Amino acid sequence: MERSNTQTNNNRNVNFRFIIVSGISFFLGLQFSNLRALFQTDFNGGGLIYRDSTEYMTWAPDEVEQVERESNQISTQSNKRGRRNRKPPPRYHDSNYTKGNFEPLPWSLPKPSSTRYQTSEEFMSDYIALKRKHNIPLPWEQDEYKEDKVTLPRPIIGLNFPKSATLTMSEYFSCGGITSYHTATQDGRIGICMMENQFADKPPMEGCNNERTKKGDIKPIEVIFDIGVQGPPCYYASVHDGGLENIAKHYPEGTIMLVTRNATKWASSIAGWNGRILKQWADESCHFDGSLEGEEMEYWADQFNAAQGDISRRKVQYWVEFYQAHTQKIREFALNHLSLTYVEVELENDNMAEQLEHYTGVKQSCVQVCHPGPHWIRQHDTTSKCHPPGEEPPEIDSDNDDGTS
């Protein structure tokens, strides 16, 4: 009898343990399923609504595309029962390119001139004077634009490098009431779209210039920022040969914009934020280290090799000059293509918001401090990637998240 009672108690203990283990296994299974679903979400192919997609794409676009590509390859191998079919990647996706099938594109930046060292205010004063000299009207002074939500011709193409307020500016125009995209549209990466259109001698935004709403409406995209891709493929319209010319050819009365910032702060910021991007810029994909053939490349190769630092992201002085030369190239292009409207403001200028309102007609309160991606939101225990100036949460790492995405 005693033995029977003991056996019964043991059975009850076993059953109780079995229930506990089963419950834990079920819970872990749910968590794994959710985690797997997160990484398999088609961030750039309609799996998320636009706002979520672009937020995700601001902090690791190429890494996300790598996950998407591997997931799509797995899904095409078989269609077994229970296997979830994946949506195909968007049209403009890096899965079409590899290092083996994409040769680095020729690029050029100018050697120093006096234009490089002007402040944004100084340059805009000279630019406006030149437009007036040629009797070319300034859109923000014209009645036809004063009744519009934004007093600039469309499309508006932002040429800022990453970590130069690209997200801040995209959100600014969204706040102003027009359709603005950052990094990617519903059709894929903006940089790949612009690159392929340049090769085909088509307008830069053709094929990626519409937004499809949940109601089925189609709205034209009026503003784009963060338009480069570090690759493969690597393409920046303001660096690679022919990119700016293709904009001017197809949008001769459009708008190009640039937000500048202190070049040393930018170089330190981008090196600390994502060191891999400078590796791709230097020798992995873009060859912005001057290693391509050509006489103009010799200058940049010499500058790169002479800069202190044993790896690309530590050559801060080289990237300072690279950034300044990029600003100079865009300024010189604007001076030679006066049918375009050009607007430049400086991030560190205390009057930036006032200047933006003057040029664009969008109220100053739309200027916010924005940070890249959900990682920053979680790290800083907040619910938004953008905050009014002075209201953002205290910085945890000022080098990596300096409010200039």
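Reference entry: report on the structure contained in this document.

Reading the values: rules and limits
- Sequence positions are assigned chain by chain, starting from 1 and proceeding in written order.
- Per-residue local features are limited, in this predicted model, to residues with pLDDT of at least 70; the limit for side-chain atom pairs, both in listing and counting, is 80 or more; totals at the level of whole chains, interfaces and linings are taken over all residues.
- Think of the side-chain values as coming from all heavy atoms in the structure, minus any hydrogens and water.
- By definition, any uninterrupted DSSP run of H or I lasting at least four residues is a helix, any uninterrupted run of E lasting at least two residues is a strand, and each is numbered from the N terminus.
- The buried label goes to any residue with under 20% of its type's maximum accessible area, the exposed label to any with over 50%, and the partly exposed label to all in between, with areas taken from a 1.4 Å probe on protein chains only.
- Note on definitions: a residue-residue contact is assigned when non-hydrogen atoms from the two residues lie within 4.5 Å.
- The term nonpolar core refers to a set of buried residues drawn from Ala, Val, Leu, Ile, Met, Phe, Trp, Tyr and Cys, joined through side-chain atoms within 4.5 Å.
- Put simply, two rings from Phe, Tyr or Trp (the six-membered ring, in Trp's case) pair if the centres are within 6.5 Å, and we call them stacked under 30 degrees between planes, edge-to-face over 60, tilted for the rest.
- The criterion is that NZ of a Lys, or CZ of an Arg, lies within 6 Å of the ring centre and within 35 degrees of the ring normal, and then a charge sits over that ring.
- Being paired, for any two strands, means DSSP has found at least two bridges between them.
- Residues with no salt bridge and a relative accessible area higher than 30% make up the patches, which join like charges within 9 Å and nonpolar side chains (Val, Leu, Ile, Met, Phe, Trp, Tyr) within 5 Å.
- Method for areas: the Shrake-Rupley scheme with a 1.4 Å probe, in which residue coverage is limited to the protein chains shown.
- Any Lys or Arg side-chain nitrogen found within 4 Å of a carboxyl oxygen on Asp or Glu counts as a salt bridge.
- The positive count covers Lys and Arg only, the negative count covers Asp and Glu only, and His and the chain ends enter neither.
- Where a charge lies is defined by one atom per residue type: Lys uses NZ, Arg uses CZ, Asp uses CG and Glu uses CD.
- Axis lines are fitted through C-alpha atoms, for helices just across the contact stretch, and the angle between N-to-C directions can take any value from 0 to 180 degrees.
- The residue classification treats Ala, Val, Leu, Ile, Met, Phe, Trp, Tyr, Cys and Pro as nonpolar and Asp, Glu, Lys and Arg as charged. All others, Gly included, are polar.
- Using a grid of 1 Å spacing that covers the protein atoms alone, one calls a set of points a cavity when a 1.4 Å probe fits there but cannot get out, and a pocket when the set is open and has protein on both sides within 12 Å along at least five of seven lines; lining residues are those with an atom within 4 Å of a point.
- Grid points are joined across faces, edges and corners, and a volume is the space filled by probe spheres set on the points.
- Any pair of cysteine sulfurs within 2.5 Å is marked as a disulfide.

### A word on the overall build of the protein chain
- For the protein chain, the helix and strand inventory stands at 14 helices and eleven strands.
- Per-residue burial over the protein chain gives 50% buried out of 405 residues.
- Here the contacts in the protein chain between residues at least 6 apart in sequence split such that 72% fall between residues at least 24 apart.

### Remarks on the nonpolar core
- Core analysis: the largest hydrophobic core is formed by 59 residues, its most contacted members being Leu-159, Phe-173, Ile-247, Met-257 and Tyr-342.
- Per-element accounting of this core gives the leading share, five residues, to helix H7 (residues 190-199).
- Counting residues in hydrophobic clusters, the runner-up holds 28 residues, among them Trp-107, Cys-234, Trp-281 and Tyr-299.

### Regarding the packing of aromatic side chains
- A full pass over the atoms with the stated rule returns 30 aromatic pairs.
- Their ring planes at 75° and their centres at 5.4 Å tell us that Trp-319 and Phe-322 sit as a pair that is edge-to-face. Taken together, the residues Trp-319 and Phe-322, both in helix H12 (residues 316-336) and three residues apart, mark about one turn of the helix. An identical accessibility class is assigned to Trp-319 and Phe-322; each is buried.
- Between the NZ or CZ atom of Lys-315 and the centre of the ring of Phe-304, over which it lies, the distance is 5.0 Å.

### Examining the pairing of strand S8 (residues 255-260)
- Burial of S8 is extensive: six of the six residues sit out of reach of the surface.
- Of the two faces of S8, the one carrying Thr-255, Met-257 and Val-259 and the one carrying Ile-256, Leu-258 and Thr-260 are both buried.
- In this sheet, S8 lies alongside strand S1 (residues 156-158) in parallel orientation, the contact comprising three bridges. Its bridge partner being in S8, Ile-156 is matched across the sheet by Thr-255.
- The pairing of S8 with strand S9 (residues 341-346) spans six bridges and is parallel. Along S9, the bridge assignment pairs Met-257 with Val-343.

### Describing a negative patch on the surface
- Side chains of Asp-241, Glu-245, Glu-295, Glu-296, Glu-298 and Asp-302 sit close together on the surface and give a patch of like negative charge.
- The element best represented in the negative patch is helix H11 (residues 295-306), accounting for four residues.
- Mapped onto the fold, Asp-302 is located in helix H11.
- Overall, Asp-302 belongs to the exposed group, its relative accessible area being 52%.

### Comments concerning the packing of H11 against H12
- H12 packs onto H11 with a crossing angle of 145° between their chain directions and a minimal axis gap of 9 Å. Touching Tyr-299, Trp-300, Gln-303 and Phe-304 of H11 are Tyr-318, Trp-319, Glu-321, Phe-322 and Ala-325, all from H12.
- Looking at the contact of H11 with H12 residue by residue, the classes come out as seven nonpolar, one polar and one charged.

### Looking at empty space enclosed by the protein
- This structure, assessed with the given rule, holds two cavities of 30 Å³ or more.
- Of the pockets and cavities examined, the second largest cavity occupies roughly 60 Å³.
- Every residue along the wall of the second largest cavity is listed here: Leu-159, Asn-160, Phe-161, Pro-162, Asp-226, Ile-227, Gly-228, Tyr-236, Ala-237 and Ser-238.
- Within the lining of the second largest cavity, the residues separate by chemical class into six nonpolar, three polar and one charged.

### Re unusual backbone geometry
- The linkage connecting Gly-231 with the following residue, Pro-232, adopts the cis geometry, with an omega of -5°.
- Residue placement: Pro-232 occurs in the loop between strand S7 (223-225) and helix H8 (243-250).
- The step from Pro-232 to Pro-233 runs through a cis peptide bond, and the omega angle for that step is 0°.
- Inspection of the secondary structure puts Pro-233 in the loop between S7 and H8.
- The residue Ala-165 is not glycine, and still its phi comes out positive at about 70°.
- Considering the arrangement of structural elements, one finds Ala-165 in the loop between S1 and helix H6 (166-175).

### Quick notes on the state of the cysteines
- Under the defined criterion, the tally for this structure stands at four disulfides.
- Shown here is the disulfide that connects Cys-234 with Cys-286, its sulfur atoms set 1.9 Å apart. Handedness of the Cys-234-Cys-286 disulfide follows from its S-S torsion of about 100°: it is right-handed. Of the two residues, Cys-234 sits in the loop between S7 and H8 while Cys-286 sits in the loop between helix H10 (275-284) and H11, which places them 52 residues apart along the sequence.

### Notes on the pattern of salt bridges
- Under the definition given, this model contains twelve salt bridges.
- Arg-331 is the salt-bridge partner of Glu-344, the closest N and O atoms lying 2.5 Å from each other. Note that Glu-344 is positioned in strand S9 and Arg-331 in helix H12, a separation of 13 residues in sequence. In this pair, the class of Glu-344 matches that of Arg-331, namely buried.

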